[in-house]
Amino acid sequence: EDLWKKKVNPFPTQNKKLSNPISASRDSFCSFATHTFSPMGTIKTPLEQAPPTVPEFHNEQDVLRHYEQLSSDCDAARSKIQELQNQAKEHELVVDAIKDLDPERKCFRQVGGVLVERKVKEVLPAVRGNKEQLDGVVRKIEEQLNVKEMELAELKRKYQIRERGEQAPGDEE
């Protein structure tokens, strides 16, 4: 008797019996922070994924605690995005200020709290690279924020959570 036919798929998105080890590995998915990667190399963005699953809770305090934690995570992510965007704007201002200067001209750059003397031709690519990295981090945090916000919205819908002063759906006057 084939043992694979008796096993149940451990992935909640696919609730079918596994027929053999080959199809089991082909059908399985690994989920990382904001994207789902399949073994075939396709990437699904959060908008293409099913809405996040909200865990079951035993009492109202657990629901409220989870809701407050998600809200706090979203606020922290928004704050971090704003901070990183401000740093990226500062980098852009520096690039705009030195891009037209003579590449052999001296300039100073602060590295880890230490002011070092470099040339414009050395500093400009480094500042541009740092700005690109900041922009990449902002995009990743925004994607994670979108996932958290979707989870928060699903939690609000499932447990009918409303903020103070917020009307219930269908209570429009």
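Structure: see above.
Description of the structure in this document.

### A few points about the overall build of the chain
Here is step 1 of the chain: Secondary structure assignment for the chain yields 3 helices and 5 strands.
Here is step 2 of the chain: Scored against the burial criterion, the 173 residues of the chain give a buried share of 24%.
Here is step 3 of the chain: Carbon and sulfur atoms make up 52% of the accessible area of the chain, which totals about 13,100 Å².

### A closer look at helix H3 (residues 120-159)
Here is step 1 of the chain: Here H3 is 40 residues long and its end C-alpha atoms lie 57 Å apart, about the 58 Å a rise of 1.5 Å per residue gives.
Here is step 2 of the chain: Just beyond H3, the residue with positive phi is Gln160, at close to 50°.

### Comments concerning unusual backbone geometry
Here is step 1 of the chain: One non-glycine residue with positive phi stands out, namely Gln160, at about 50°.
Here is step 2 of the chain: Structurally, the position occupied by Gln160 is in the segment after H3.
Here is step 3 of the chain: Of the residues examined, Gln160 reaches a relative accessible area of 68% and is grouped as exposed.

### Comments concerning the side chain of Glu154
Here is step 1 of the chain: Relative to the helices and strands, Glu154 resides in helix H3.
Here is step 2 of the chain: On the basis of relative accessibility, which here comes to 18%, the residue Glu154 falls in the buried class.

### Digging into the pairing of strand S5 (residues 114-119)
Here is step 1 of the chain: Bridge count for strand S4 (residues 106-111) against S5 is 6 bridges, and the pairing is antiparallel. Each bridged residue has a counterpart across the sheet, and for Lys106 the counterpart in S5 is Lys119.

### Some words on the packing of helix H2 (residues 60-98) against H3
Here is step 1 of the chain: Interaxial distance between H2 and H3 falls to 8 Å at its minimum, and their mutual angle equals 160°. On the basis of their axis angle, the class for H2 and H3 is roughly antiparallel. Here H2 runs over H3; the crossing is left-handed.
Here is step 2 of the chain: Tallied by class, residues from the contact of H2 with H3 come to 23 nonpolar, 6 polar and 12 charged.

### Comments concerning the pattern of salt bridges
Here is step 1 of the chain: Tallied over the entire structure, the rule returns 14 salt bridges.
Here is step 2 of the chain: Between Lys119 and Glu104 there is a salt bridge whose closest N-O contact spans 3.1 Å. Of this pair, Lys119 sits in strand S5 while Glu104 is found in the loop between H2 and S4, placing the two residues 15 residues apart along the sequence.
Here is step 3 of the chain: In this structure Lys119 comes out as partly exposed when scored by relative accessible area, which is 33%.
Here is step 4 of the chain: Connected via shared salt-bridge partners are Asp75, Arg78 and Glu149.

### A few points about H2
Here is step 1 of the chain: The end-to-end C-alpha separation of H2 is 57 Å, in line with the 57 Å expected for 39 residues at 1.5 Å each.
Here is step 2 of the chain: Within H2, the full set of buried residues consists of Val63, Tyr67, Leu70, Ser71, Cys74, Ala77, Ile81, Leu84, Ala88, Val95 and Ile98.
Here is step 3 of the chain: Buried residues in H2 make contact with H3.
Here is step 4 of the chain: At the N-terminal boundary of H2, the capping side chain belongs to Asn59, with an oxygen 3.3 Å from the backbone nitrogen of Gln61.

### Concerning the side chain of Glu151
Here is step 1 of the chain: Topologically, Glu151 is positioned in helix H3.
Here is step 2 of the chain: No salt bridge is formed by the buried Glu151; its nearest oppositely charged neighbour, Lys148, is found at 4.8 Å.
Here is step 3 of the chain: Residues within four places of Glu151 in sequence aside, it is in contact with Pro52, Val54, His66 and Leu70.

### Some words on the environment of Arg128
Here is step 1 of the chain: For Arg128, the location among the structural elements is in helix H3.
Here is step 2 of the chain: Classification of Arg128 by relative accessible area gives partly exposed; the value is 38%.
Here is step 3 of the chain: In this structure the C-alpha to C-alpha distance between Arg128 and Val94, which are 34 residues apart in sequence, comes to 9.2 Å.
Here is step 4 of the chain: Non-local contacts of Arg128, meaning those with residues more than four positions away in its chain, are made with Val95 and Lys99.

Rules behind the numbers
Residues numbered from 1 in each chain as written. Predicted model: local features only at pLDDT ≥ 70, side-chain atom pairs only at ≥ 80, totals over all residues. Heavy atoms only, no water. Helix = DSSP H or I, 4+ residues; strand = E, 2+ residues; numbered from the N terminus. Buried < 20%, exposed > 50% of the residue type's maximum accessible area, 1.4 Å probe, protein only. Areas by Shrake-Rupley, 256 points an atom, 1.4 Å probe, with all protein chains shown as cover. Expected span 1.5 Å × (residues − 1). Pairing = 2+ DSSP bridges. Axes fitted to C-alpha atoms, helices over the stretch in contact; angles between N-to-C directions. Parallel < 35°, antiparallel > 145°, perpendicular 65-115°, else oblique. Left-handed = near helix turned anticlockwise from the far one by under 90°. Nonpolar A, V, L, I, M, F, W, Y, C, P; charged D, E, K, R; others polar. Salt bridge = Lys/Arg side-chain N within 4 Å of Asp/Glu carboxyl O. Contact = heavy atoms within 4.5 Å. Polar contact = N/O pair within 3.5 Å; in protein donor to acceptor, adjacent residues only side chain to side chain. Lys, Arg positive; Asp, Glu negative; His and termini not counted.

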